Amino acid sequence: HLQQTGMLRSVLLLLLCQFLPLVEICRTSAEAQASKEESVSQSAPTLLQVTLLYRHGERTPVHKFPSDPYKQLFRPYGSEQLLKEGVRQHFELGKYLRRRYSSLLPRRFNVTRMHVRSTDTDRTIMSAQANLAGLFPEQCSAAADGAAQLPACYPVPIHTVPKPTDQLLKMSSPCPAYTRHWREFKLRPDGPYASAGRRFAWLAERARVGTGWRQGEPLGISELWKIADPIAVWRSLGLKLPDWVDRDVIAGLEELRHLKFAWKFSEPKLYGSRIGALIARLVGDMEARLAGRSNKILQVYSAHDSTVSAFLSAFGVFNNLQPPLAACAMLELYSDGEVRLFYRNASTTTTNSSLSADPPLPMLIPFCQKPCLLSQLAKQMRKRGAHSDSGESMCELATDSSVSKTTVTTDSSSNAIFIVLFGLILCLAIALLITCWLWNKERQLRLEFDSNMFANHISKTKDC
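Conventions used here
Residues numbered from 1 in each chain as written. Predicted model: local features only at pLDDT ≥ 70, side-chain atom pairs only at ≥ 80, totals over all residues. Heavy atoms only, no water. Pairing = 2+ DSSP bridges. Helix = DSSP H or I, 4+ residues; strand = E, 2+ residues; numbered from the N terminus. Axes fitted to C-alpha atoms, helices over the stretch in contact; angles between N-to-C directions. Buried < 20%, exposed > 50% of the residue type's maximum accessible area, 1.4 Å probe, protein only. Expected span 1.5 Å × (residues − 1). Arc of directions from axis to C-beta. Disulfide = S-S within 2.5 Å.

Enquirer: Run through the sheet that holds strand S6 (residues 361-363), naming residues and quoting values.
Expert: Pairing is mixed in the open sheet, where 6 strands are placed in the order S2-S3-S1-S4-S5-S6. Strands at the two margins of the open sheet, each flanked by one partner only, are strand S2 (114-118) and S6. Mean inter-strand twist for the sheet, computed between neighbouring axes without regard to direction, equals 20°. Sheet topology places S2 next to strand S3 (residues 298-303); 5 bridges connect them, and they run parallel. For Ser118, the partnering residue across the bridge sits in S3 and is Ser302.

What follows is the structure in structure tokens.
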């Protein structure tokens, strides 16, 4: 029995000696892996700044037509106004952004480190308010401040400028350069705009009868875009459509709506003359943040579908589809200088669904090799003509050849006018000098004549 016990003890000791090296190897490997993970986490770039550009939420129609069956339904809200569903969409989007950027953003708005700007439009300002309520939940805890008389959400400053001077976000603000380029695009004889006018002539005739369009008034592509607006709102809200709006009409109007955004910013001189000022602003803000000259961690821009489509077109990632309600582009800057772009273009309009479930799409910027560094992005944007130091230069002093020729011609004309005026002034001055000289000469001769006459008179008097 003692012999068997000794043999068993020997076997156990042998097995233990065999496994001890394996245990040590595993322990060493685990420590090395933990050390590696710690090193990676320490060297991983951190998020420095986020820029958000989003479209407003669900709204009432912008346009109407004579046979519009829902004029009275929307009258209490007014034209182009944010609806309750639009408020919900942006509140849900704000909650999603809170979860995504919780490590960067505090739970209360900080005016020194954050900035919010909107177009001077009711629906975009209200969308920003709803979004910020979801993004900064502690702004909406009035009870915690012990002030029951305060509103449900403590206000956040939202900055705007008048529509006619908003060259940053309002794509319909006055811009002669864009107006000229867009007119040239539409007037191309074999261009897509003219081709679509012929292809959708049947839709124009159907719409003329169905909408009660006034006889004699033109009804082309631009007018069909206006007709498509209220019909899209009715469909989004689940309202009954008029009988003339069948599947073919819906499909035609949908295609035209998407073509509008595919065309309007399809070329560098189109998107460059409209979104160049915003791109320059964003690049400048990121450069200041990366260099430590700024402490801004959040930039928010509340705008329109046209703003979002122009922005994405400048980055070369636009999908040629109208940005849906509450669509959001997210531009992220990291501590190593990398810039990442995401686009959240899935929005739902039913009250029992949540925008929070829709993940954003990573956008690979085609002209900026991954990792896309800020310095490289800024350089490429300038090459693409999508970077302008000011809205005024972007719209008034475009750099295309036709404008350059016009500028040269104008400068030459100005020089010629200046030379003519200078010549006239010089001639007048010479004539005046000659006149003065002649007048003085005549005066001297008259004085000499008078002196001689007086001398002769004195001489005759003496003789007498």
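Enquirer: Talk me through unusual backbone geometry; I want residue IDs and the actual numbers.
Expert: The residue after Lys370, namely Pro371, is reached through a cis peptide bond having omega -5°. Even without a glycine there, the phi angle at Glu80 is positive, about 65°. Looking at the element boundaries, Glu80 is found in the loop between helix H2 (71-74) and helix H3 (84-100). Of note, Asn320 is a non-glycine position whose phi angle comes to about 65°, a positive value. Assignment of secondary structure puts Asn320 in the loop between helix H11 (305-314) and strand S4 (328-334). Assessed through its relative accessible area of 40%, Asn320 is described here as partly exposed.

Enquirer: Help me get a handle on helix H5 (residues 176-187), residues and values and all.
Expert: For H5, with 12 residues, the first-to-last C-alpha span of 16 Å sits near the 16 Å given by 1.5 Å per residue. Buried within H5 we find Ala177, Tyr178, His181, Trp182 and Phe185. Projected down its long axis, H5 shows its buried positions confined to an angular sector of 120°, all on one face.

Enquirer: Help me get a handle on the state of the cysteines, residues and values and all.
Expert: As used in these notes, a disulfide is a covalent bond between sulfur atoms, one from each of two cysteines. All told, the structure shown has 3 disulfides when counted by the stated rule. The side chain of Cys140 participates in a disulfide bridge whose partner is Cys153; the two sulfur atoms lie 2.0 Å from each other. When the S-S torsion is 100°, as for the bridge of Cys140 with Cys153, the disulfide is right-handed. Of this pair, Cys140 sits in the loop between helix H4 (122-135) and H5 while Cys153 sits in the loop between H4 and H5, and the two are 13 residues apart along the sequence. In this model Cys175 forms its disulfide with Cys395; the gap between the sulfur atoms is 2.1 Å. Around the S-S axis, the bridge from Cys175 to Cys395 shows a dihedral of about -105° and counts as left-handed. Note that Cys175 is positioned in the loop between H4 and H5 and Cys395 in helix H13 (residues 391-396), a separation of 220 residues in sequence. By the burial criterion, Cys175 is buried, and Cys395 matches it. In the protein chain, the bonded cysteines, taken in the order they occur along the sequence, pair up as 1-2, 3-6, 4-5.

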